[in-house]
Amino acid sequence: MSVLPLVFTSGWASGINAYAVVLLLGIFGATGLSDDVPESLQRPEILITAGVLFLCEAVADKIPYVDSVWDSVHTLIRPAAGAWVGALLAGQSGSLSDLAAGAIGGSTALASHTVKAGTRMAINTSPEPFSNLVMSTAEDLGVAGILTFAMFHPEAAAIIAGVLLLAGLLALFFLISRIRRFLRRRAQRREERRLAERVGQPPD
């Protein structure tokens, strides 16, 4: 059976929470739930590192504005993780070339990361923090649920991930104006801080 559906699903999930993907896949392999997980993802140091970083993301991802900074930092990390996981899965199964799997996993992760980061920018235009908490929790549960489902029904999970990705891209298209307001507001705050610093400086 081709590993392509699992590569696509793991790529989509990596764009949302790459550390959760590495941690879950490692656990699935270490517990014998799946034979498709390479041993490199099951190593104790990988699981511990992914677990610690997952906890860090679980906290940062639920704090307004901190989540957007975290997303900015992970603009390269999440697609790279998606490509890495995809290549490892392909190497384990032998049904898909590592290069193709890496390209699919990385590009899918980049697309879902773009949806997540853009959606968070739009949410941060609201002053209340509860929407961040709800959205982050829903994302964590979605990644865990769909990735677990992919272990037993990879094709169906890939279809669900594809539908969610398409829906997210469409929603992001309609949220662009709100995101632009967020970026203008952030630039304005930076300029106000610069002016305040200049006013506070003693004369030469």
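Located above this text is the structure these notes cover.
Residues numbered from 1 in each chain as written. Predicted model: local features only at pLDDT ≥ 70, side-chain atom pairs only at ≥ 80, totals over all residues. Heavy atoms only, no water.

### Considering the layout of surface pockets
Here is the rule: In the cavity and pocket records, a cavity denotes points on a 1 Å grid over the protein atoms alone where a 1.4 Å probe fits but cannot get out, a pocket denotes an open set with protein on both sides within 12 Å along at least 5 of 7 lines, and lining residues are residues with an atom within 4 Å of a point. Grid points are joined across faces, edges and corners, and a volume is the space filled by probe spheres set on the points. Helix and strand assignments follow DSSP, with helices taken as H or I runs no shorter than four residues and strands as E runs no shorter than two, numbered in order from the N terminus. Classification used: nonpolar for Ala, Val, Leu, Ile, Met, Phe, Trp, Tyr, Cys and Pro, charged for Asp, Glu, Lys and Arg, polar for all others including Gly.
Roughly 300 Å³ of internal volume is contained in the largest pocket. If you go around the largest pocket, you meet 15 residues; those closest to its centre are Trp 12, Ile 16, Val 115, Met 135 and Glu 139. The greatest single-element share of the lining of the largest pocket, amounting to five residues, is contributed by helix H6 (residues 130-152). When the residues that make up the lining of the largest pocket are grouped by side-chain class, the tally is nine nonpolar, four polar and two charged.

### Some points on the nonpolar core
Selection criterion: What we call a nonpolar core is a set of buried Ala, Val, Leu, Ile, Met, Phe, Trp, Tyr and Cys residues that are connected through their side-chain atoms within 4.5 Å. Each residue is assigned to one of three classes by its accessible area relative to the maximum for its type, calculated with a 1.4 Å probe on protein chains only: buried under 20%, partly exposed between the two thresholds, exposed over 50%. Here a residue-residue contact requires only that any non-hydrogen atoms of the pair lie within 4.5 Å.
Of all hydrophobic cores here, the largest spans 30 residues; its most connected members are Trp 12, Leu 25 and Phe 28. Elements represented by at least two residues in this core include exactly helix H1 (4-30), helix H2 (44-60), helix H4 (77-93), helix H5 (98-123), H6 and helix H7 (154-174). If you tally residues by element for this core, the top one is H1, at 12 residues. Those residues in contact with Trp 12, other than ones at most four positions away along the chain, are Thr 108, Ala 109, Ser 112, Gly 142, Val 143, Ile 146, Ala 161, Leu 164 and Leu 165. With five residues, the next largest nonpolar core counts Ala 122, Leu 172, Ile 179 and Phe 182 among its residues.

### Section: the pattern of salt bridges
Opposite charge on two side chains permits pairing when their charged atoms draw close. Keep this limit in mind: For this analysis, a salt bridge means a side-chain nitrogen from Lys or Arg found within 4 Å of a carboxyl oxygen belonging to Asp or Glu.
Evaluation of the coordinates by the stated rule reveals 11 salt bridges. Between Lys 116 and Asp 61 there is a salt bridge, with its nearest N and O atoms 3.3 Å apart. Of this pair, Lys 116 sits in helix H5 while Asp 61 sits in the loop between H2 and helix H3 (66-73), and the two are 55 residues apart along the sequence. A salt bridge links Glu 191 to Arg 194, with the nearest nitrogen and oxygen atoms 3.1 Å apart. In this pair, Glu 191 and Arg 194 are both assigned in helix H8 (residues 176-200), three residues apart and thus about one turn of the helix distant. Residue class for Glu 191 comes out partly exposed when judged on its relative accessible area of 36%.

### With respect to the packing of aromatic side chains
Rule in force here: Two rings from Phe, Tyr or Trp (for Trp, the six-membered ring) form a pair when their centres are within 6.5 Å of each other. A pair whose planes differ by under 30 degrees is stacked, one over 60 is edge-to-face, and the rest are tilted. Remark: a charge is flagged as sitting over a ring if the NZ atom of Lys or the CZ atom of Arg is within 6 Å of the ring centre and within 35 degrees of the ring normal.
A full pass over the atoms with the stated rule returns one aromatic pair. A ring pair is formed by Phe 173 and Phe 174, whose centres lie 5.4 Å apart and whose planes are at 80 degrees; its orientation type is edge-to-face. The pair Phe 173 / Phe 174 is uniform in exposure class, with both members exposed. Arg 189 extends its terminal NZ or CZ atom over the ring of Tyr 65, reaching a point 5.1 Å from the ring centre.

### Focus on a nonpolar patch on the surface
As a reminder of what qualifies: Like-charged residues are merged into a patch within 9 Å and nonpolar side chains (Val, Leu, Ile, Met, Phe, Trp, Tyr) within 5 Å, provided each residue has over 30% relative accessible area and no salt bridge. Only the protein chains shown count as cover for residues, with accessible areas throughout obtained via the Shrake-Rupley method and a probe of 1.4 Å.
A surface patch of nonpolar side chains, amounting to about 560 Å² of accessible area, comprises Leu 166, Leu 170, Phe 173, Phe 174 and Ile 176. With four residues, H7 is the largest single contributor of residues to the nonpolar patch. Inspection of the secondary structure assignment puts Ile 176 in helix H8. Given a relative accessible area of 34%, Ile 176 falls into the partly exposed group.

### Section: the packing of H1 against H7
Spelled out, the test is: Comment: axis = line fitted to C-alpha atoms, over the contacting stretch for helices; angle = value between 0 and 180 degrees taken between N-to-C directions. Put simply, angles under 35 degrees are roughly parallel, angles over 145 are roughly antiparallel, angles from 65 to 115 are roughly perpendicular, and the rest are oblique. By convention the crossing between two helices is left-handed if the near helix lies anticlockwise of the far one by an angle smaller than a right angle, and right-handed if it lies clockwise.
At their nearest, the axes of H1 and H7 sit 8 Å apart, and the two run at 40 degrees to each other. What the angle tells us is that H1 and H7 run oblique. Judged by the twist between their axes, the crossing of H1 over H7 is left-handed. On H7, the residues that touch Pro 5, Leu 6, Phe 8, Thr 9 and Trp 12 of H1 are Pro 154, Glu 155, Ala 157, Ala 158, Ala 161, Gly 162, Leu 164 and Leu 165. Its residues assigned to classes, the contact of H1 with H7 comprises 10 nonpolar, two polar and one charged.

None of the figures reported here should be taken as evidence of function without further support.
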